[in-house]
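# Understanding the architecture of this molecule
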Amino acid sequence: MATVVTEGLLRELAAFRAANGCAISIYVDFDPSEASTVPAEKTKFHALVDAAKKTAAVRAADRGRDCKLALEADFERIKAWGEDEFDRDGARSLAVFASSADGLFQIVPLGQPVADGWEVGPELWIAPLADQLGGSGEGALVAVVSRERGVLYRLHDGRLAEIADETEAVPGQHDQGGWSQARYQRHIENIVLRHLKTVGEEIDKRVHNRRPHLVMVAPDELRSELEATLSSEARALIVGWASADAHANEAELVALVLPFLDEARAREDEATLERWEAERGRGGKIAAGWKQTLDAASDARIEVLLISEGARHPAWSCPKDGRAYADGGKCPLDGTKLEPRDDAVDLAIHHTVLHGGTFVRFGAGALADADGIGAILRF
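Now for a description of the structure that goes with this document. Keep in mind that this is a model prediction, so the values were computed, not measured. (Residues numbered from 1 in each chain as written. Predicted model: local features only at pLDDT ≥ 70, side-chain atom pairs only at ≥ 80, totals over all residues. Heavy atoms only, no water.)

Take helix H2 (residues 38–60) next. Every α-helical turn comprises 3.6 residues, leaving residues that sit three or four positions apart pointing alike. If you check H2, its first and last C-alpha atoms are 32 Å apart, about what 23 residues at 1.5 Å a residue would give, namely 33 Å. Residues Glu-41, Lys-44, Phe-45, His-46, Leu-48, Val-49, Ala-52, Ala-56 and Ala-60 constitute the buried set of H2. The elements touched by buried residues of H2 are strand E1 (23–29), helix H3 (65–85), strand E2 (93–99) and strand E4 (117–121). (Helix = DSSP H or I, 4+ residues; strand = E, 2+ residues; numbered from the N terminus. Expected span 1.5 Å × (residues − 1). Buried < 20%, exposed > 50% of the residue type's maximum accessible area, 1.4 Å probe, protein only. Contact = heavy atoms within 4.5 Å.)

This is how it looks when you write it as structure tokens:
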């Protein structure tokens, strides 16, 4: 099954650092148009592993015999897995991380495509993984409510996982018995209102201090009564109201709520960019450009990292403490010669998520006057 990329997973991988500086990261995409059968998938997997091995041999030449032997062992293990245990189990792509000297061997099946690639270095290459953080609407709450139904779901890996069911049977017209029509109707409405109140209380409990996006699926005629049962905290988290057929299946409900969640994410991203621009205009706590941003990331000062699509820049890191720099030379802290790195964006993401920050990707052209990268700082 595909792995849902979470902040916890990224932080765990970002915290890893190979003692010998020779950790392997490989990403393999299984585009059905290129690899439509298991033999074709395995052939592509082995081809990428062989290409990564050639890169590793060049890197190992500068790191000594221990690194060379460790890499040889790691590639043998990766090739053995690809030959004997290969099973992507419906995943669209795979990430492979290995460093035998540190006891690391991890296969991460992914639900979304990635660009084929590999890196060998002291840290794991997590930028391609970071692009899949959370998936679309991951963790959102979906409340499906009617006069009788009251089911609360959490969106996880593109599926709706039921977390509460407050469905309650409401008497029908055939149950009226000797009641007068008006009195019986008031009785029915009281039952419905109690039901909605129970559902509202369950929603309040599930969102309190968690702040997930919330989508309400309910008939239009119930909206005002249902909304009145919610706390101000819950109402503020609602990103959309929709109505659905009483017999809508899971796939139909997911398709119904995802546009609301995508729009909410886009609004939040735009607000983050506007906040950065406002802080920059008043000389506030922001970083702009590669030098300022990499320095802030290494100092654990970034609250939100902002990255424009296509942002690129040369980067270096200190082999002793891992600090990132936009210029080469020697580490200003200990005089160690800095090592060139292939992916400056990965360094920025690495340090940001490692220290509890978050990041936002923007389309090409954003942050153009900051060379495509910036940050909102904690201090």
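The next thing to look at is unusual backbone geometry. Positive phi outside glycine occurs at Arg-211, with the angle close to 55 degrees. In this structure, Arg-211 sits in the loop between helix H5 (181–207) and strand E8 (214–217). At Leu-367, a residue that is not glycine, the phi angle is positive and equals roughly 55 degrees. Note on placement: Leu-367 falls in the loop between strand E15 (358–362) and strand E16 (373–377).

The next thing to look at is the packing of helix H9 (residues 290–298) against helix H10 (residues 344–354). Where H9 meets H10, the axes come as close as 8 Å, and the angle between the chain directions of the two elements is 35 degrees. Considering the relative orientation of H9 and H10, their crossing is left-handed. Along its contact with H9, which presents Trp-290, Leu-294, Ala-297 and Ser-298, the element H10 presents Ala-344, Val-345, Leu-347, Ala-348, His-351 and Thr-352. Here the residues of the contact of H9 with H10 are counted per class, giving seven nonpolar, three polar and no charged. (Axes fitted to C-alpha atoms, helices over the stretch in contact; angles between N-to-C directions. Left-handed = near helix turned anticlockwise from the far one by under 90°. Nonpolar A, V, L, I, M, F, W, Y, C, P; charged D, E, K, R; others polar.)

A separate point is the state of the cysteines. According to the stated counting rule, one finds one disulfide in the structure shown. Paired by a disulfide, Cys-22 and Cys-67 hold their sulfur atoms 1.7 Å apart. Its torsion about the S-S bond being -105 degrees, the disulfide of Cys-22 and Cys-67 is classed as left-handed. With a gap of 45 residues between them, Cys-22 in the loop between helix H1 (7–14) and E1 and Cys-67 in helix H3 connect regions that are remote in the sequence. Summarising the burial analysis for this pair, Cys-22 and Cys-67 share the class buried. Looking at Cys-318, it has no disulfide partner, and the nearest cysteine sulfur is the one in Cys-331, 3.8 Å off. Overall, the relative accessible area of 0% leaves Cys-318 in the buried class. (Disulfide = S-S within 2.5 Å.)

Further remarks concern H3. A rise of 1.5 Å per residue sets the reference length of H3, with its 21 residues, at 30 Å; its end C-alpha atoms lie 29 Å apart and thus fit the reference within 8%. For H3, every residue scored as buried is listed here: Cys-67, Ala-70, Leu-71, Asp-74, Phe-75, Ile-78, Trp-81 and Gly-82. The arc enclosing the buried residues of H3, seen along the axis, measures out at 130 degrees, which places them on a common side. For H3, exposure combined with an orientation more than 90 degrees from the buried face picks out Arg-65 and Asp-84. Turning to H3, the residues buried within the fold contact E1, H2, E2, strand E3 (104–110) and E4. (Arc of directions from axis to C-beta.)

Read from one edge of the open sheet, four strands run E3-E2-E1-E4, paired in antiparallel fashion. The sheet is open, and its two borders are formed by E3 and E4, each paired with just one other strand. The average undirected angle you get between the axes of adjacent strands in this sheet is 10 degrees. As judged from the six bridges shared by E1 and E2, these two strands associate in the antiparallel manner. Bridge pairing links Ile-24 to Ala-98 in E2. (Pairing = 2+ DSSP bridges.)

Looking now at the nonpolar core. Counting residues in each nonpolar core, the largest one holds 43 residues, and the members touching the most others are Phe-97, Leu-129 and Ile-349. The biggest single contributor to this core is H10, with six residues. For Ile-349, the contacting residues outside a window of four places in its chain are Ile-126, Ala-127, Ala-130, Leu-305, Ile-307, Phe-359 and Arg-361. (Core = buried A, V, L, I, M, F, W, Y, C linked by side-chain atoms within 4.5 Å.)

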